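A closer look at the structure
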Amino acid sequence: MLLKLTEQERLTGVPEQETIEIAIEQIKKNGYIGFESVLSPEQIAELKGAFLPMFNEYIERFGYNTGTNRAQMHLPFLQPFINDYMIANSFAMPVIKAVLGEGVRVTYLASDTACPGSDYQNVHSDMPPLFPELGVALPAYSLVLNIPLVDVNAENGPLEVWPGGTHLDPESTKHTSIDGPMLRAAQTMHSEKIHMPAGSIVIRDIRMWHRGTPNVTNENRTNIALIYNNDWYGAGGSIHVPQEAYNEASKEVKSLFRCERIGVPAKMPWEW
């Protein structure tokens, strides 16, 4: 489900209370929510301008790593990737904090790019449930935020998701790769391919079934990808945070990265 911003929300850059409530309900019950065209064209251009040279160098050095013509690439803790509009987005943060709690933090700063010729990924969940032996659905503990840098349509590799409870069934998400009877279930269950303009945002429960789909165009489809965790979940410390960049970041961004490696040089994508 993608929510269109109201005229008032576009003018103020702040979500209305009803919008926040709808988003929270959708994440808890269906596993995801989207907001259409949140970032401005200027912000999208700024991110693309910084991303593309890094991505091209990364592919030259390492090639693809998450399937045919598909690459996951970490991003450095440097501008413009640590702007509030990306990390502490005014539409995303009220929803994320309402679902996860005030102690939320970022533990993953990266991207996912489906290049021309990319194929289907296997249906999967990014994380298995906590304590699956209990046999009960636990509250969300980790959320993924995606921001597409291009318009996403049926041809260029949209994310396909299985809403309606795949994030809540302990049996269905015991493994990060959905196989056996669960794969058969995925083939017959309702799924949705998320088509959205560049600069939209999508928030999903990390346990939700999903997969990347083929890009049959001649252009890359890039999503920025961030993971927000409950304060008590995940050790942190893998993101290198230069002291100067940290000092210049907003109070919100500083708080979100407080458990990472502050005071060390930025880790570039090809250094992971």
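Notes on the structure follow. Here the structure is a predicted model, which means the values were calculated and not measured.

Now for the overall build of the protein. In terms of regular secondary structure, the protein is built from 8 helices and 12 strands. If one aligns the C-alpha atoms of the protein with their principal axes, the spans along those axes are about 50 × 40 × 40 Å. A burial count over the protein gives 53% of its 272 residues as buried. In the protein, of all internal contacts separated by at least 6 residues, the share reaching a separation of at least 24 is 85%. For the protein, the computed accessible surface area is about 12,000 Å², with 52% contributed by carbon and sulfur atoms. Computed over 21 positive and 32 negative side-chain charges, the inter-centroid distance for the protein is 5 Å.

Most of strand E3 (residues 70–74) sits out of view: 5 of its 5 residues are buried. Along E3, one buried face is formed by Arg70, Gln72 and His74 and the opposite face, lined by Ala71 and Met73, is buried too. By the bridge criterion, 5 bridges tie E3 to strand E4 (residues 105–114) in an arrangement that is antiparallel. Bridge pairing in E4 places His74 opposite Ala110.

Take the packing of aromatic side chains next. Inspection of every chain in the model, using the stated rule, returns 6 aromatic pairs. When the centroid spacing of 5.4 Å and the interplanar angle of 20° are considered together, the rings of Phe51 and Phe55 count as stacked. Of the two residues, Phe51 and Phe55 are both situated in helix H3 (residues 41–62); the distance of 4 residues between them amounts to about one turn of the helix. Here Phe51 matches Phe55 in class, with each residue buried. Their ring planes at 80° and their centres at 6.2 Å tell us that Trp232 and Tyr233 sit as a pair that is edge-to-face. Ring-pair connections join several aromatic residues into one group, and the members of that group are Tyr141, Trp232 and Tyr233. Above the face of the Tyr246 ring, Lys254 is positioned so that its terminal group lies 6.0 Å from the ring centre. Cation over ring: Lys267 sits above Trp272, and NZ or CZ is 4.3 Å from the ring centre.

The rules behind the values
- Residues numbered from 1 in each chain as written.
- Predicted model: local features only at pLDDT ≥ 70, side-chain atom pairs only at ≥ 80, totals over all residues.
- Heavy atoms only, no water.
- Helix = DSSP H or I, 4+ residues; strand = E, 2+ residues; numbered from the N terminus.
- Buried < 20%, exposed > 50% of the residue type's maximum accessible area, 1.4 Å probe, protein only.
- Contact = heavy atoms within 4.5 Å.
- Areas by Shrake-Rupley, 256 points an atom, 1.4 Å probe, with all protein chains shown as cover.
- Lys, Arg positive; Asp, Glu negative; His and termini not counted.
- Charge placed at Lys NZ, Arg CZ, Asp CG, Glu CD.
- Pairing = 2+ DSSP bridges.
- Phe/Tyr/Trp six-rings, centres within 6.5 Å; stacked < 30°, edge-to-face > 60°.
- Lys NZ or Arg CZ within 6 Å of the ring centre and 35° of its normal.

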